[in-house]
Amino acid sequence: MAALDAIPRSLTESIVRGRANTGRARRDLEASAAHEQFRSPLTLGERRWTDGAVDDSGMAHDIYRAGGPSVRDHFQHASRPAKHLLQRRFFVRRDSAAHGHGEAQTWGHFAALTLGATGVVFGDIGTSPLYCFSGIYTTTLHTLPAADDILGTFSMIFWALTLVVCIKYVGCVMRVSHHGEGGTFALLQTILAGPKLSAVLRGRVTLLAMLGCSLLIGDGAITPAMSVLGALEGLPVGSEKVRSTLAVCVLLLLFSMQKHGSALIGRFAGPVMVLWFLTIGALGVWNCASHPEVAVRVLRALNPRYLVEFWLRGAYRGADAWRSLGGVVLCVTGAEALYADMGHFGCSPIRATWFCLVYPSLVLQYAGQATVLTLNPAAVANPFYAAVPPSLLWPVLALATCAAVIASQALISGVFALLAQGHALQFVPRILVKHTNPEQRGQVFISEANSMLCVLCVALVLAFRSTGRLGSAYGVAVTGDALVTTALFAVVVRRIWKWNLLATTALVLPMLFVDLLFWSSNVVKLLDAGWVPALIALAACFTMHCYHWGREQERRTAARTAASQLDSLTQAPSTAEGVRALLAHVSSVPGLLMALRAHESIGVLRTPSLAVFLTPYEWRVPPSLGTLAVTLGCLPGTIVLLTVKFESSIPFVLPEERTTFDPLDAAVGAYRIVLHVGYAEACSLARVVPLALARAAAEHAADFPALLPLLELSPRSDKGSGPLGLAGEEEKEEEDSEDMLDSDGEKEAQESTGNVSFVLSRLTYSDVGGHSWFTRLRIKLYQLMVTNARKPMRFFGLPADRTIEINTVRFL
């Protein structure tokens, strides 16, 4: 009964008060406790049952979370038989990997994930040898290095790879995940799931996570353009116009492939990247073996003493050594993508690939380049191809071009994963998140993000035309993102892992010191071209902030309205004007029931029809219902409040477990249905809503004949094992959803549904006055995003000929 203790005392007293039968109150309280227990994340292989998943205690919990504790006492359990509540059971299958998704179940699965991770995750960091040395001396220091300078630079590259990638990301940060997902939003969700934060600290941590995601978007716009241009610079073509045109064609081909998913891309890219890493490692060994005396000197530079000498006594000591970090950071670009892409393939395959293949190959390649540059410093303009034997130039050039195209995949997939998490956190407007692999939750595709990145990358290629000029814009976003990750990781170590202050400081301070060095050396690029990714990141961060702020304002406004209405519900209205006044501003289920229970002679007209009102919260009555009652003076005879809930821990919900049914008051024709959708199901929900409503009606129409019109939503099919042939139809819903989306709404009009109508609320936002210019700007931007988000009718797959959209003005 530990779960019962978590229920507030005021809610317990509210439930028990007014109950003549204490035994029945106790059973209801236990059902409420089961529901509260279900709110916590499911563990792998765990089953949970809950009766009455939608009840007044759940409403009180949601409103309390949005509004305040004064609202909870207004909710009491309704006396209704438990048999009318659809028992909900979810089972997290072990083969679905809902918890810690991406982890291998067999050695064959592990090998497949490792191969996919090689192709998708490590492309960015794996192609950094194409431009790292040239970025240090040609772009940053603008000079030819001496032999000792090459050794110091190689030492910095080696220790940057070791400290930033091996120790920070692979060794420490990747130990933090949220249902197997990585990235700044995974850190944020881990923090928010821990001990309660103050409102100020919660807001700061949330804003910091938004900034980290935005910086990765800025980096994701630069990386594909940089990688493709760097690979094509090996072509013996003197015209930058030709190279930039080829780069644009390659980028368009790359982004057109994204809809097939990272699993398919990794299946083809994996062998290519394995060949790439083996090739660059072999080239490094060949260069070292060709000049063994010089190679011995280079390998001695693995000693950090050479790094210290470069900073303190080298030709570029002091400020120049600090400036050189702006080029050294190129060797660790893509490190943040390792963490952001963790949901695609899992932590263990990424770790194994890094330590067994990628890390050794990179170190050998950089050692080989350092050997060549020690003998020929003038080759620093293009050190990678200078270290390639002439007979292998064209094959290596072709392989490098393929690897550079694949390299862009790491950041692109990372942006998709982070935006999918941001969508779940309500940081971005309604978008289509397509799960390209049902067995791997993190493998997603977002068409809006794909189009945005494609336009940005093409624009950057056409604007800069070479890696030399584009390199001056590189590094600002990636180092800022690394700094944000360190800050959030410090909060996790201190508050979630419960480390003491001394241990936290000993772990985080070296990471913070290295990140600050890299970030400060790249900040000076803002005056050159570094403002480009910074501007992209700030725009994305401000957009996410405005949308999140608008959603919070909506939630608080709805909670205040519900609380105010509940305070005034002392007695039922006795006049028609009173009923209409209550319906005009109805926002809570108790208020709606009180208005409907008023005598028909003083209430509004009830028509012989059924209407489904979509509402985002179980406890909230949408404003469209009150607007309909006041404007037309009538309401449907049967009112169904429908809420669609996306289950964050369950990949698929079985058809028989799709809905939770709650007869609020059958005497007045009020019902509530909650539709549960797994995270891996088609987010367009094409035909899922009508089919789920028809199934609920089939199960409960015997007790509630008013729901019979919902049966018309079922397809006229003799196939399928479920009632009304629904099972066969649900198997095709994901296949049909893509056709519906591509039809631009033309196929949305399904067969006639008789007297069933769907009512949507469309809100127009306006400020109440007295706001600052900044708040007015946020309101306008929020209105713009809501207006241009995916329309609910298309998103939920509703029949166009039976859907009504009612516009309401809401003041923020």
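Rules used throughout
- Residues numbered from 1 in each chain as written.
- Predicted model: local features only at pLDDT ≥ 70, side-chain atom pairs only at ≥ 80, totals over all residues.
- Heavy atoms only, no water.
- Helix = DSSP H or I, 4+ residues; strand = E, 2+ residues; numbered from the N terminus.
- Areas by Shrake-Rupley, 256 points an atom, 1.4 Å probe, with all protein chains shown as cover.
- Expected span 1.5 Å × (residues − 1).
- Bend = angle between axes of the 7 residues up to and from the residue.
- Buried < 20%, exposed > 50% of the residue type's maximum accessible area, 1.4 Å probe, protein only.
- Patch = residues over 30% accessible without salt bridge, like charges linked within 9 Å, V, L, I, M, F, W, Y side chains within 5 Å.
- Salt bridge = Lys/Arg side-chain N within 4 Å of Asp/Glu carboxyl O.
- Phe/Tyr/Trp six-rings, centres within 6.5 Å; stacked < 30°, edge-to-face > 60°.
- Lys NZ or Arg CZ within 6 Å of the ring centre and 35° of its normal.
- Pairing = 2+ DSSP bridges.
- Polar contact = N/O pair within 3.5 Å; in protein donor to acceptor, adjacent residues only side chain to side chain.
- Axes fitted to C-alpha atoms, helices over the stretch in contact; angles between N-to-C directions.
- Parallel < 35°, antiparallel > 145°, perpendicular 65-115°, else oblique.
- Left-handed = near helix turned anticlockwise from the far one by under 90°.
- Contact = heavy atoms within 4.5 Å.
- Nonpolar A, V, L, I, M, F, W, Y, C, P; charged D, E, K, R; others polar.
- Arc of directions from axis to C-beta.
- Core = buried A, V, L, I, M, F, W, Y, C linked by side-chain atoms within 4.5 Å.
- pLDDT = per-residue confidence, 0-100.

Below, the discussion takes up the overall build of the protein chain. Along the backbone of the protein chain there are 33 helices and 10 strands. For the protein chain, the accessible area works out to roughly 32300 Å², and carbon and sulfur atoms hold 61% of it.

For helix α18 (residues 347-375), built from 29 residues, the straight-helix expectation of 42 Å at 1.5 Å per residue is met to within 8% by its first-to-last C-alpha distance of 40 Å. For α18, the principal kink sits at W354 and spans about 45°. Across the 29 residues that make up α18, a large majority, 21, are buried.

Moving on, we come to a nonpolar patch on the surface. Residues L526, W531 and L535 make up a contiguous nonpolar surface patch of about 300 Å² in total accessible area. Along the chain, L526 falls in the loop between α24 (501-523) and α25 (531-568). Residue classification places L526 among the partly exposed positions, given a relative accessible area of 33%.

The description of an aromatic ring pair rests on the distance of the ring centres and on the angle between the ring planes. The full count for this structure, using the stated rule, is 19 aromatic pairs. Put simply, the rings of F122, F158, W159, W354 and Y359 pair up and form one aromatic cluster. Directly above the ring of Y306 sits R305, whose terminal nitrogen or CZ lies 4.8 Å from the centroid. Looking at R778, its charged tip hangs above the ring of W549, at a distance of 4.3 Å from the centre.

On to the pairing of strand β5 (residues 605-614), then. Taken together, the 8 bridges between β5 and strand β6 (residues 634-647) define a ladder with parallel strand orientation. Residue pairing for β6: L605 is matched across the bridge by C634. The pairing of β5 with strand β9 (residues 756-766) spans 4 bridges and is classified as parallel. Within β9, the position partnered with V612 by the bridge is F758.

A few words on the side chain of T803. Within the secondary structure, T803 is located in strand β10 (residues 803-811). Reaching out from T803, the side chain makes a polar contact with the backbone oxygen of P799 at a distance of 2.6 Å.

Before going further, it helps to spend a moment on the packing of helix α10 (residues 199-232) against helix α21 (residues 447-464). The interhelical angle for the contact between α10 and α21, taken along N-to-C directions, is 50°, at an axis separation of 9 Å. The pairing of α10 with α21 is recorded here as oblique in orientation. Between α10 and α21 the crossing geometry is right-handed. Together, I217, G220, A221, I222, P224, A225 and L229 of α10 and M452, L453, L456, C457, L460 and V461 of α21 make up the contact between the two elements. Of the residues assigned to the contact of α10 with α21, the class counts are 12 nonpolar, 1 polar and no charged.

Turning to helix α26 (residues 576-584), its buried residues are A576, V579, L582 and L583. The buried residues of α26 occupy an angular sector of 130° when projected down its axis, which confines them to one face.

Let us look at the nonpolar core. Formed by 156 residues in total, the largest nonpolar core has its most connected members in L161, V165, W276 and W354. Counting residues per element, this core draws most heavily on helix α20 (residues 393-424), at 16 residues. Apart from residues lying up to four places away in sequence, V165 is in contact with I125, A160, V170, G171, V332, A335, L338 and W354. Core analysis: the next-biggest nonpolar cluster, separate from the first, contains 28 residues, L610, V612, F796 and L798 among them.

A few words on unusual backbone geometry. For K498, which is not glycine, the phi torsion reads 65° and is therefore positive. For K498, the position within the fold is in the loop between α23 (476-496) and α24.

Attention now goes to the pattern of salt bridges. Any two side chains of opposite charge can pair, on the condition that their charged atoms come close. Scanning the entire structure with this criterion turns up 10 salt bridges. Between D515 and K168 there is a salt bridge; the shortest N-O distance is 2.8 Å. Of the two residues, D515 is situated in helix α24 and K168 in helix α8 (residues 147-172); the sequence distance between them amounts to 347 residues. Taken as a pair, D515 and K168 share a single burial class, namely buried. Where R597 meets D665, a salt bridge forms, and the shortest distance between an N and an O atom there is 2.6 Å. Taken as a pair, R597 in helix α27 (residues 589-597) and D665 in strand β7 (residues 659-665) lie far apart in primary sequence, 68 residues in all. Given the relative accessible area of 48%, R597 is considered partly exposed.

A few words on the packing of α8 against helix α14 (residues 304-312). Closest axis-to-axis distance for the α8/α14 pair is 8 Å, and the angle between their directions is 120°. Here α8 is positioned oblique relative to α14, judged by the angle of their axes. Crossing of α8 against α14: the hand is left-handed. Side by side, α8 and α14 meet where D149, L151, G152, T153, S155, M156 and W159 of the first sit next to P304, Y306, L307, F310 and W311 of the second. Broken down by class, the residue content of the contact of α8 with α14 amounts to 8 nonpolar, 3 polar and 1 charged.

With that settled, consider the confidence of the model for the protein chain. Taken residue by residue, the protein chain gives an average pLDDT of 76. The fraction at 70 or more is 77%. Contacts of residues 1-102 to residues separated by more than four positions or lying in other chains number 193 contacts, the stretch itself having pLDDT below 50. Contacts for the low-pLDDT stretch residues 717-753, under 50 throughout, to residues beyond four places or in other chains number 71 contacts.

For T118, the location among the structural elements is in helix α5 (residues 107-120). A polar atom in the side chain of T118 sits 2.8 Å from the backbone oxygen of T114. Sequence-distant contacts of T118, defined by excluding residues within four places in its chain, comprise G123, G270, M273, V274, F277, T353 and L357.

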